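Fold and contact review
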Amino acid sequence: MKSAFKLVLVTLVVWLGALSLTPVDASVANDPGYVRIYRQGASTFYLNKRSIAIENYHPPYYRLSVTTRTEYDPSLRLPESTEDGSRLVFDYNYDDKTIALVGSRRGIRPIDVSRGEDWQYPAEAKAAALAAFRVVYGIPFY
């Protein structure tokens, strides 16, 4: 009986030790280089502020490219990815208050920023475009 108890105890200690060696959550929620831009269901989208590139600066026309990152709720038990995801390119016309997503597989797609509607394709496009403009120029786009 004593040896069975010792076996269970050793197994438990080894199992708990193995759990303590698993990687810490790779979330960027507290990383100042990322800003949370959008949440949809079990997905949270972040904008990598360090990835923003100014490709055109000719006011009122601007072009910014950004990288987003998607993190999933841990309860989904999806494999953790520590890499950034989509690279998005946006054309802005500040006078007309229009933004277009450039280079997507569906061609140039306008993003409707004037309405309260949050859904775009891809889901984080509107939020990423508005957040990137605010990060770079310090003013809201719309």
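Right above here is the structure, for reference.
This section reports on the structure supplied with the text. (Residues numbered from 1 in each chain as written. Predicted model: local features only at pLDDT ≥ 70, side-chain atom pairs only at ≥ 80, totals over all residues. Heavy atoms only, no water.)

1. Here we look at the side chain of Ser 43
- Among the secondary structure elements, Ser 43 is positioned in strand S2 (residues 43-58).
- The exposure class assigned to Ser 43 is buried, which follows from its relative accessible area of 14%. (Helix = DSSP H or I, 4+ residues; strand = E, 2+ residues; numbered from the N terminus. Buried < 20%, exposed > 50% of the residue type's maximum accessible area, 1.4 Å probe, protein only.)

2. Side note on the environment of Ser 43
- Taking the C-alpha atoms as reference points, Ser 43 and Thr 70, 27 residues apart in sequence, are found 6.4 Å from one another.
- In this view, Ser 43 contacts Tyr 38, Thr 70, Glu 71 and Tyr 72; residues no more than four positions away in its chain are not counted. (Contact = heavy atoms within 4.5 Å.)

3. Here's the deal with unusual backbone geometry
- Across the junction of Pro 59 and Pro 60, the peptide omega takes the value 10°, indicating a cis bond.
- Structurally, Pro 60 can be placed in the loop between S2 and strand S3 (61-72).
- One non-glycine residue, Lys 97, adopts positive backbone phi at about 55°.
- Along the chain, Lys 97 falls in the loop between strand S4 (87-93) and strand S5 (98-104).

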